[in-house]
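Here's the letter readout for the chains.
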Amino acid sequence: TSDYRVAVFGAGGVGKSSITQRFVKGTFNDNYVPTIEDTYRQVISCNQKNVCTLQITDTTGSHQFPAMQRLSMSKGNAFILIYSITSMQSLEELGPIILMLKEVKQSAIGEVPIMLVGNKKDEDSKREVSTAIGQKISGQWGTGFIETSAKNNENITELFQMLLAREKKRQLAL
Ligand code: GDP
Ligand code: MG
């Protein structure tokens, strides 16, 4: 089986670990405090008859050194960029990440599956980033877009389905 590597990026506290845990284990913790970068593996279907290993790396966000970020980017086949809808700053912090991705992937960037994710959609009373803004930014960046709630398990499976559907070189499915 071959590996398909997905790296998850975003500022501290946006829900990178919560989304990964929700998808991989089906659980949610109100005070999940992960300290190290972790990689999770799931078997998925690949080109109909075969299987691939979906390898998801939950990066430590701002604690990751730029050289480490670059390495995660060069190894990654697909990327999930997460902000929290309750923090405009967390969306702004993805700007340098997408720039670095474009620099690392260069001319191949157009074929790289990337999803922009607005997490914590359950916290609507604290919303700072409208759905329209998220959609507009994703259009400018050429990425897919979805709003999720790891807490309420909303759009988590859909997020991964949409990401895999953007891969044109292989036919990937959960
Ligand atoms: P990370 O630093 O990006 O890995 O963020 P975490 O996954 O550790 O989440 C940070 C905090 O936000 C934790 O207290 C989570 O319980 C909370 N959190 C994560 N996802 C959601 C969500 O969808 N809704 C709400 N309300 N809280 C969330
Ligand atoms: Mg984390």
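Novice: Give me the lowdown on the site of ligand 1, citing residues and values where you can.
Specialist: Looking at ligand 1, there are 20 residues lining it, with Gly13, Lys16, Ser18, Asp30 and Asp122 nearest. At 3.3 Å, a backbone N or O of Val14 approaches an oxygen atom of ligand 1. Gly15 has a polar backbone atom sitting 3.0 Å from an oxygen atom of ligand 1. Within the complex, 86% of the 580 Å² of free accessible area of ligand 1 lies under protein. When residues of the shell around ligand 1 are assigned to their parent elements, the largest contribution, three residues, is made by helix H1 (residues 16–25). Split into classes, the residues belonging to the shell around ligand 1 amount to six nonpolar, eight polar and six charged.

Novice: So what's going on with unusual backbone geometry? Which residues, and what values?
Specialist: Of note in this structure, Gln48 is not a glycine but carries a positive phi near 65 degrees. Assignment of secondary structure puts Gln48 in the loop between strand S2 (38–46) and strand S3 (50–58). For Gln48, a relative accessible area of 61% corresponds to the exposed category. In this structure, Gln106 takes a positive phi of about 50 degrees despite not being glycine. Mapped onto the secondary structure, Gln106 falls in the loop between helix H4 (95–105) and strand S5 (114–119). With relative accessibility at 55%, the residue Gln106 sits in the exposed group.

Novice: An account of the sheet that holds S2 is needed here, citing residue identities and associated values.
Specialist: In spatial order, the strands read S6-S5-S4-S1-S3-S2-S7; together these seven strands make up an open sheet with mixed pairing. The two strands at the open ends of the sheet, each matched to only one other strand, are strand S6 (144–147) and strand S7 (172–173). The sheet contact formed by strand S1 (residues 2–10) and strand S4 (residues 78–84) spans five bridges and is parallel. From the neighbouring strand, Phe9 faces S4, where its bridge partner is Leu81. Across the sheet, helix H2 (residues 66–75) is in contact with S1 and S4; its angle to S1 comes to roughly 140 degrees.

Procedures and definitions
Residues numbered from 1 in each chain as written. Chains lettered and ligands numbered in written order. Predicted model: local features only at pLDDT ≥ 70, side-chain atom pairs only at ≥ 80, totals over all residues. Heavy atoms only, no water. Near = heavy atom within 4 Å. Polar contact = N/O pair within 3.5 Å; in protein donor to acceptor, adjacent residues only side chain to side chain. Areas by Shrake-Rupley, 256 points an atom, 1.4 Å probe, with all protein chains shown as cover. Helix = DSSP H or I, 4+ residues; strand = E, 2+ residues; numbered from the N terminus. Nonpolar A, V, L, I, M, F, W, Y, C, P; charged D, E, K, R; others polar. Buried < 20%, exposed > 50% of the residue type's maximum accessible area, 1.4 Å probe, protein only. Pairing = 2+ DSSP bridges. Contact = heavy atoms within 4.5 Å. Axes fitted to C-alpha atoms, helices over the stretch in contact; angles between N-to-C directions.

Any functional reading would require information beyond the geometric quantities listed.
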